[in-house]
Each structure stands twice: as structure tokens, then as C-alpha cells.
Amino acid sequence: MTDLTTRRDDTLAAIAAADTADALEAVRVEAVGKQGWVSALLKTLGKMTPDERQEKAPAIQQTRTAVADAIAARKQAMNDAELDRKLATETLDLSLPSPALPRGTVHPVSQVMDELAEIFADLGFAVKTGPEVEDDWHNFTALNMDENHPARAMHDTFYFPDKDGEGRSMLLRTHTSPVQIRTMMDEGAPVRIIAPGRVYRSDSDATHTPMFHQVEGLVIDKDIHLGHLKWTLETVLKAFFQRDDIVLRLRPSYFPFTEPSVEVDVGFEVVKGRRILGGSGDAPGHAWMELLGSGMVNARVIAFAGLDPAEWQGFAFGVGVDRLAMLKYGMDDLRAFFDGDIRWLQHYGFSAYDQPTLSGGVGARA
């Protein structure tokens, strides 16, 4: 035991004298490493008789514990000393800018929706939303499309196999027009709203996707006529595209929910391969492009919504938000809007701080 005590004391002294991590590790390996002298003594316990083990084991175990504790304490003391040294000698310049962090962008569709909401709010319009899973009464019947109307098949609608509690077919809405019906039924008249949101149709190519975004507008009041519709669309499009030379052409058309119905064309020219809206489509170098559909709300639709068409009239319009974004910001493939490509989003996306305002210019980056 005297030899054990002496060797233990020598090891503890070596631990206390170690002044580097490597020196301390060398002492540890020599004492309690796999081939260390303390480890060797522990292995001999298995070869001793019970009486010898009872006599020698406590001292050997105490030696291992003492060595292990001393190594841990010395390592902690060395770490503390190194930290104190760094605190005393190293400085941090808090005036330096922080490292740049990855930053997301606002999707062009979200940006355009915000821009449109800002413009229409200035004209006194409220923003209304509704369910994307809709019943066929709100989506078709209340919009003057009867059970056999060809528009139901023309839309290539996504139907669900289930029906609602009233036995009506359920579907993914093909336009945001049901929001107009729900608003008139819930709030009555007068009404001045826009209804932005996602809509769904079975279609897919460079300019169509099965899911896309629409904004529809509805005005219901007394003595409303087509002149109000044209002025509203001209005012909105001039503010959105930030051009005073926007010229519209209204062509007779047909929609079951409006009567009369008009397609709205806008004049444009091609500059460096990009369509630039502005000027009359009849001017040299210009042409007309169909932009949106609109018209005076059909009297049957007003009646379906619970209002008296003899007292209330109005106009409605609808346009693709994705299409507006493509025209304003120069994208040429609608499918890229929904690919989730971070490079595309970094190129076409907007900073979260670019909140559109009329005073600052909506979409001032254009």
C-alpha cells in the first residue's frame, strides 16, 4: 500500500504541475488510460482471492477516484484560465454591422394583391374573402348558370365526390364570384367590394395553371351604369401600371352573370420583346390586348342574392392577378410562379418592407 500511496501522490503532483492540455492528457493516459498503471491494478482485482480483494480493492478504487477527480479539476481550472486570458486580451467591436442573414422575399402575387387592395381602398372598396371549397349553388346557380348550362362543363371544374347537407355538389371554386353572392346575401346593398383569392380550373400551359389567383370587383347601388364601370377600371389600371396613357376598349361579349357584358381590351406596344401597356391600340406600332371581363350585373343574379333588381343595379369585373403581375413585372411563364425556385423568387420577389402606398407609388420598382 505504501507503493500505491507514493505512486498516487506522484501522479497527483504531475496533474497539478501540468500546464497544457497535452501534458494533462499524457498524465491521464499514463494513469487511467487503457494501459495505465491504475487500470492495470484494477485488472488484478479479478485474480485476487476474496480476502485479498477485500483488503486491497478500497485503496485501488480510492486512487482511481482521486486521480479522475484531480484531472477533471485541473482541466476546468485550465479552461477558466484560458477564458480569463481571452476576456482580458480580446475585444469585440460592437460598432461593426452584423453578418448578412438569408432573407426571404414577398411573392409577386402577394405584392400585386396588396397593390390592388391599396388602390381599391382609396376608391372606397372593401376586401372580402370566402371559402375555396364551394357548393355549386353559390358557384354556378346563383350566377345565372342553370343545371345544364354549358359554362359548368366549360370551366372544367374540380368536383368533390361528397355533397353538402342540402344535397348540393361540392367543388373547388372556379372564380371568386361566390364571394359577391355571399356578400350581397349577408350585407344587402349598397355594396362596393373586391374579392381576391385562389381559384381552380383544370388547365395547364405557359399562361394557365390549375390553380391561379383572381380579383373580382362588385358595385351595387342605385343608378349605376357602364360609365361608372369604365371610369373605375381606367382609374385602377392607371394607378396600378403607373401610366396616365392607359386606353381601354370595351367590346360586347357574353357572360351569364352580367347583361350587358363587355370584354375590356387595353392598348399596348412591344418594347424589347416585352409588352408595355399604354396608348391606344389603334395607334401606329400598337395593338389591343384582352385584359379582363366585366359588365352590368344580371338582374337574375341580383334577385338570387335577395335584392330587388328594380331598385338596385351594379357592375362587376374580374381579372387574373397572376396575369397583371406578368404584364407589370415582365414574367413570361405563369408556371414559374408556383415552382418554388428560390432563384426566381430572389429575382422577382419584393422586400417585406416594400409596402405599396399610393403616395410612394404602388410597385415603385417597376
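Presented here is an overview of the structure given in this document. None of these values were measured; they are calculated from a predicted model. (Residues numbered from 1 in each chain as written. Predicted model: local features only at pLDDT ≥ 70, side-chain atom pairs only at ≥ 80, totals over all residues. Heavy atoms only, no water.)

**Some thoughts on the overall build of the chain**
Secondary structure assignment for the chain yields twelve helices and eleven strands. Compactness check: the chain gives a C-alpha radius of gyration of 39 Å against a globular reference of 21 Å for 366 residues, more than 25% above the reference. Taking the principal axes of its C-alpha atoms as reference, the chain extends roughly 115 × 55 × 35 Å. Taken across its 366 residues, the chain has 41% of its residues classed as buried. Long-range pairs, those at least 24 residues apart, make up 66% of the contacts in the chain with a sequence separation of at least 6. The average position of the 38 basic charges and that of the 54 acidic charges among the side chains of the chain differ by 6 Å. (Helix = DSSP H or I, 4+ residues; strand = E, 2+ residues; numbered from the N terminus. Rg over C-alpha atoms; globule rule 2.2 N^0.38 Å. Buried < 20%, exposed > 50% of the residue type's maximum accessible area, 1.4 Å probe, protein only. Contact = heavy atoms within 4.5 Å. Lys, Arg positive; Asp, Glu negative; His and termini not counted. Charge placed at Lys NZ, Arg CZ, Asp CG, Glu CD.)

**Describing the sheet that holds strand β4 (residues 169-172)**
In spatial order, the strands read β2-β4-β3; together these three strands make up an open sheet with antiparallel pairing. Of all the strands in the sheet, the pair left with one neighbour each is β2 (133-135) and β3 (159-163). For this sheet, the mean inter-axis angle between neighbouring strands, taken without regard to orientation, is 35°. Two strands pair when backbone bridges link them, and β2 and β4 are joined in this way by three bridges, in the antiparallel orientation. Residue Glu134 lies in a different strand from β4, and its bridge partner there is Leu171. (Pairing = 2+ DSSP bridges. Axes fitted to C-alpha atoms, helices over the stretch in contact; angles between N-to-C directions.)

**Re the environment of Asp19**
Secondary-structure assignment places Asp19 in the loop between α1 (2-17) and α2 (21-32). According to the relative accessible area criterion, Asp19 is exposed, its value standing at 60%. As a C-alpha pair, Asp19 and Lys75 span 56 residues in sequence and 9.8 Å in three-dimensional space. Look past the residues within four positions of Asp19 in its chain and what remains in contact with it is Arg74 and Met78.

**Observations regarding the side chain of Asn139**
By the element assignment, Asn139 lies in helix α6 (residues 136-139). Judged by relative accessible area, which is 0%, Asn139 ranks as buried. For Asn139, the side chain forms a polar contact with the side chain of Thr174, separated by 3.1 Å. Apart from residues lying up to four places away in sequence, Asn139 is in contact with Glu134, Leu171, Arg173, Thr174, His175 and Pro178. (Polar contact = N/O pair within 3.5 Å; in protein donor to acceptor, adjacent residues only side chain to side chain.)

**Thoughts on the packing of aromatic side chains**
By convention here, two paired aromatic rings are described through the distance between centres and the angle between planes. A full pass over the atoms with the stated rule returns ten aromatic pairs. Their ring planes at 90° and their centres at 6.2 Å tell us that Trp137 and Phe304 sit as a pair that is edge-to-face. Taken as a pair, Trp137 in helix α6 and Phe304 in helix α10 (residues 299-304) lie far apart in primary sequence, 167 residues in all. What makes Trp137 partly exposed here is its relative accessible area of 22%. (Phe/Tyr/Trp six-rings, centres within 6.5 Å; stacked < 30°, edge-to-face > 60°.)

**Description of unusual backbone geometry**
In this chain, Ala189 is followed by Pro190 through a cis amide linkage whose omega measures 5°. When you line up the elements, Pro190 lands in the loop between α8 (177-187) and β5 (191-200). Looking along the chain, the bond that leaves Glu259 and enters Pro260 is cis, with omega of 0°. Looking at where Pro260 falls in the secondary structure, it is placed in strand β8 (residues 258-271). For Gln242, which is not a glycine, the phi torsion comes out positive at approximately 55°. Mapped onto the secondary structure, Gln242 falls in the loop between α9 (226-241) and β7 (248-255). Residue classification places Gln242 among the partly exposed positions, given a relative accessible area of 41%.

**Description of the pattern of salt bridges**
Using the criterion set out here, one finds 18 salt bridges in the structure. Linking Arg85 and Glu82 is a salt bridge whose minimum nitrogen-to-oxygen distance equals 2.7 Å. Linking Arg85 with Glu82, this pair stays in helix α4 (residues 50-89), spanning three residues, or about one helical turn. With a closest N to O distance of 2.5 Å, Asp265 and Arg251 form a salt bridge. Remark: Arg251 occurs in strand β7 and Asp265 occurs in strand β8; sequence separation between them is 14 residues. For Asp265, a relative accessible area of 2% puts it in the buried group. (Salt bridge = Lys/Arg side-chain N within 4 Å of Asp/Glu carboxyl O.)

**A word on the packing of helix α3 (residues 37-44) against α4**
The geometry of α3 relative to α4 is characterised by a closest axis approach of 10 Å and an angle of 150° between their N-to-C directions. Put simply, α3 runs roughly antiparallel to α4. Here α3 and α4 pass one another in a crossing that is left-handed. Between α3 and α4, the residues in contact are Trp37, Val38, Leu41 and Leu42 and Ile60, Gln61, Thr63 and Arg64, respectively. When the residues that make up the contact of α3 with α4 are grouped by side-chain class, the tally is five nonpolar, two polar and one charged. (Parallel < 35°, antiparallel > 145°, perpendicular 65-115°, else oblique. Left-handed = near helix turned anticlockwise from the far one by under 90°. Nonpolar A, V, L, I, M, F, W, Y, C, P; charged D, E, K, R; others polar.)

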